[in-house]
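Understanding the architecture of this molecule
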Amino acid sequence: MKQTTRHIILLLTFSLLLAVTVAAQRISFGLYAADDIVLTQLNSGELNFNLKQAVILAGGDPVNVNLLDDGVGILTVKGRTDMDITVTIDAPATLDLGSNHILLTKVKFAYSNTKASSDDAAKLTAIEIPDGFTSATFPIDRTIRHIAGLPAPPPTPNHVGYTALTGIAYLFVYGTLGKVPSGAAAGLYTGTINIRVEYAK
Amino acid sequence: MNVLKPIQYLFFILLAFPFLTMMAQNKTSVSITAQATVIDNSGIELVTIKNMDIDVGMAIDGKIYVSAKRDASAAMMMLKGKANAKFRVTFPPMVKIANSTGTGTLTLYYEMYGYQSDNQGASEPIDAVERNLQISSDSKYYFWVGGRVDTNNARPGNYNGEFTLQIEYI
């Protein structure tokens, strides 16, 4: 019984060393320090079509919330400036009220990574992602990365005593609702748009 | 063997822990709500309660003024729509009224007042340019229409015209 125990412990220890050795040869920046990405909603986390058009009638025309309109969903992303981030948006096809649905015809997003001082200022420099794209990769702070027109140096891996520089980028979510069906029930239609941010690998 | 089991678990936990931790920190996500409040398409109904009556006998030096705020002869209309909804109203500042029995026209310069209840005296002026107003909680809004007309150059006859009021929700 004692002999068996010794063998198994030896085997497990060997496996552990092997795994560490292999992993040490591959640096995946997507896994590094991703915990320092902070997403914050600025306008109570809403893409609100009523802020563009107060009265939305059943049977009414589509409602377009454009980048510069009221009602745009606004978020900030705080993260390391020496790495790119990838933003992925996952939007529902409809806004729902019980068994009633209104098509969320188009959901778009834009980002601003020019160190804007406010969300209003950020909108003016925002880059709109073309229709149909649900993901984009960009640096948090474009002003740092493009200073000399040269590629940025590779990011510094985290280590004791090192604190990476961080910056803030803005995200804007907007789109088109409807056309609202003529038989749509009156009330509040809602849907959840998921936004995922990670360091680009 | 009883001694081995805890050691086995410990090793597996030690192996798995760093990877699980990294996986948990790999992505940051957040949700936002997309929303829209839809109201019934009951439309807007405009009911003419009373026409404006211009009597030449009211003319002073050939000029007639019907006060939308004070005169009983002012036209009155009632709007029915969605309670508390905001709306925009536009109307032409003047209209040429043709003589239905002969030649000549009259030019009438409109004056319009409005209020959320049937209270002409409390009504407020509404400019001819786009103006944002709000329907009352009982789904109504009232308009009174008056105006100014100069009859000095008018020829005898009957003059009939229409007042076009454009209303849209905002």
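Not measured: the values here are computed from a predicted model.

Parameters at a glance
Residues numbered from 1 in each chain as written. Chains lettered and ligands numbered in written order. Predicted model: local features only at pLDDT ≥ 70, side-chain atom pairs only at ≥ 80, totals over all residues. Helix = DSSP H or I, 4+ residues; strand = E, 2+ residues; numbered from the N terminus. Buried ≥ 20, exposed ≤ 12 C-beta atoms within 10 Å, placed from the backbone. Contact = placed C-beta atoms within 7 Å. Pairing = 2+ DSSP bridges. Core = buried A, V, L, I, M, F, W, Y, C linked by C-beta atoms within 7 Å. Axes fitted to C-alpha atoms, helices over the stretch in contact; angles between N-to-C directions.

Topic: the overall build of chain B
Assigned secondary structure in chain B consists of one helix and eleven strands. Going from N to C terminus, chain B has its helices and strands arranged as α-β-β-β-β-β-β-β-β-β-β-β. Across the 170 residues of chain B, 21% fall into the buried class. Considering only intrachain contacts with a sequence separation of at least 6, the fraction spanning at least 24 residues in chain B is 76%.

Some details on the overall build of chain A
Scanning chain A from terminus to terminus reveals three helices and 13 strands. Per-residue burial over chain A gives 30% buried out of 201 residues. For chain A, restricting intrachain contacts to residue pairs at least 6 apart in sequence, the fraction spanning at least 24 positions comes to 80%.

Some remarks on the pairing of strand E10 (residues 140–150) of chain B
Residues and elements named next belong to chain B. Bridge count for strand E3 (residues 63–66) against E10 is four bridges, and the pairing is antiparallel. The partner of Ile64 across the bridge, within E10, is Val149. Relative to E10, strand E4 (residues 75–80) runs antiparallel, the two sharing six bridges. Note that in E10 the partner of Lys80 across the bridge is Lys140. Strand direction decides the pairing type here: strand E7 (residues 105–115) and E10, joined by eight bridges, are antiparallel. Residue pairing for E10: Met112 is matched across the bridge by Val145.

A closer look at the nonpolar core
By size, the foremost hydrophobic cluster in this structure holds 43 residues, and its most contacted members are Leu171, Phe172 and Val173 of chain A together with Ala36 of chain B. No other element matches the seven residues that strand E12 (residues 166–177) of chain A contributes to this core. The contact partners of Val173 of chain A, leaving out residues within four places of it in the chain, are Leu47, Val72, Gly73, Ile89, Val107, Phe109 and Ile193 of chain A together with Ile32 of chain B. Counting 23 residues, the second largest nonpolar core, distinct from the first, contains Leu79, Phe87, Leu108 and Tyr141 of chain B.

Observations regarding the environment of Gly104 of chain B
All names here are of chain B. For Gly104, the position within the fold is in the loop between strand E6 (94–98) and E7. Put simply, Gly104 and Arg155 are 51 residues apart on the chain and 6.1 Å apart in space, counted from C-alpha to C-alpha. Beyond its immediate sequence surroundings of up to four residues, Gly104 is in contact with Asn99, Ala154, Arg155 and Gly157.

What to know about the environment of Ser137 of chain B
All names here are of chain B. Structurally, Ser137 is set in the loop between strand E9 (131–134) and E10. Under the C-beta neighbour-count criterion, Ser137 is labelled exposed, with 9 such atoms within 10 Å. For the pair formed by Ser137 and Lys82, sequence separation is 55 residues and the distance between their alpha carbons is 8.4 Å. The contacts of Ser137, once residues within four sequence positions are left out, are Ala83 and Asn84.

Quick word on the sheet that holds strand E11 (residues 166–169) of chain B
Residues and elements named next belong to chain B. The three strands are arranged E9-E5-E11 in an open sheet whose pairing can be described as antiparallel. The outermost strands of the open sheet, each flanked by one partner alone, are E9 and E11. Geometrically, the sheet is characterised by an average inter-axis angle of 30° between neighbouring strands, direction not taken into account.

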